[in-house]
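Residues per chain, in single letters:
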Amino acid sequence: MIKAILFDLDGTLLDRQSSLTKFIDYQYDKFIDYLNHIDKNAFKNKFIELDQNGYVWKDKVYAQLINIFNIIDLSVDDLLDDYIYNFCNQCLPYPNLKETLDILSSKGYKLGIITNGKYPFQYDNIKALQIEQYMDIILVSEKENIKKPNPLIFERAAKNLDLELYECLFVGDSLKNDYEASRLAGMYSIYRLNNENNMYKVTNHIKNLYELTEIVKNNINLCTYSGEHVSK
């Protein structure tokens, strides 16, 4: 019987691609006096390319942008500090986020987030989505000193919720770090499709967060839905 539903953040609850595009527009306009020799779309496209879906921290991204576009009188720290403190102001949720969390919470599920990334940067993004009040647990890899796909971070989440791993369901958009890692740790797993990641031959997936409300309707036994369960 599933008692907790845990989520990845970027690409699962947070529409990171749309949020990043919105942030780049904001940042380009803010620093237009230093960037007006660069076509905005060229700047945006190169930023997104170098970002590699968030797997490259922005100090490296900005260093390359400054070099590629010959940006002067604007440092990596200037741009990075702006990103750290203001990205959260551009955060956009996926559709039906709060509606889904309302329903899951009303059915008595414990909820949580396990996300790789910087702290408090990721926590600020969660607060910007106004969903921290739903969460019984929030684990950010930098603060925990463990990152997915290490099974210890999933074990820590279950322990902190006073649950067994097989009583937890994990939803995420990374095949390796979320779907496979949580499943191998002993949780049930759902692969989150978001139009940015690839479709793989996985046992179960969702395209819209609201689909979770049907999957767990009346707290069905997810052994039937999730296929073979991998216990620890």
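This report concerns the structure included in the present document. The shown structure was predicted, so the numbers you read here are calculated from the model rather than taken from an experiment.

About the criteria used
- Residues numbered from 1 in each chain as written.
- Predicted model: local features only at pLDDT ≥ 70, side-chain atom pairs only at ≥ 80, totals over all residues.
- Heavy atoms only, no water.
- Helix = DSSP H or I, 4+ residues; strand = E, 2+ residues; numbered from the N terminus.
- Buried < 20%, exposed > 50% of the residue type's maximum accessible area, 1.4 Å probe, protein only.
- Pairing = 2+ DSSP bridges.

1. Points about unusual backbone geometry
Peptide bonds are trans in most cases, and residues, glycine excluded, mostly fall at negative phi.
Turning to step 1, where the next piece is worked out: That bond from Y119 to P120 is cis: its omega, 10°, falls within 30 degrees of zero.
Turning to step 2, where the next piece is worked out: One can find P120 in the loop between β2 (110-115) and α7 (121-128).
Turning to step 3, where the next piece is worked out: Across the junction of K148 and P149, the peptide omega takes the value 15°, indicating a cis bond.
Turning to step 4, where the next piece is worked out: Within the secondary structure layout, P149 lies in the loop between α8 (141-144) and α9 (151-160).
Turning to step 5, where the next piece is worked out: For N96, which is not glycine, the phi dihedral falls at a positive 70°.
Turning to step 6, where the next piece is worked out: On the secondary structure map, N96 appears in the loop between α5 (76-86) and α6 (97-106).
Turning to step 7, where the next piece is worked out: N96 gets classed as partly exposed once you look at its relative accessible area, which sits at 29%.

2. Description of the sheet that holds strand β4 (residues 168-172)
Turning to step 1, where the next piece is worked out: Taken together, 6 strands build an open sheet; the order of strands is β3-β2-β1-β4-β5-β6 and the sheet is parallel. Pairing within the sheet leaves two strands with one partner each, and these edge strands are β3 (137-140) and β6 (205-206).
Turning to step 2, where the next piece is worked out: Sheet topology note: the β2/β3 ladder contains 4 bridges and is parallel. From the neighbouring strand, I114 faces β3, where its bridge partner is L139.

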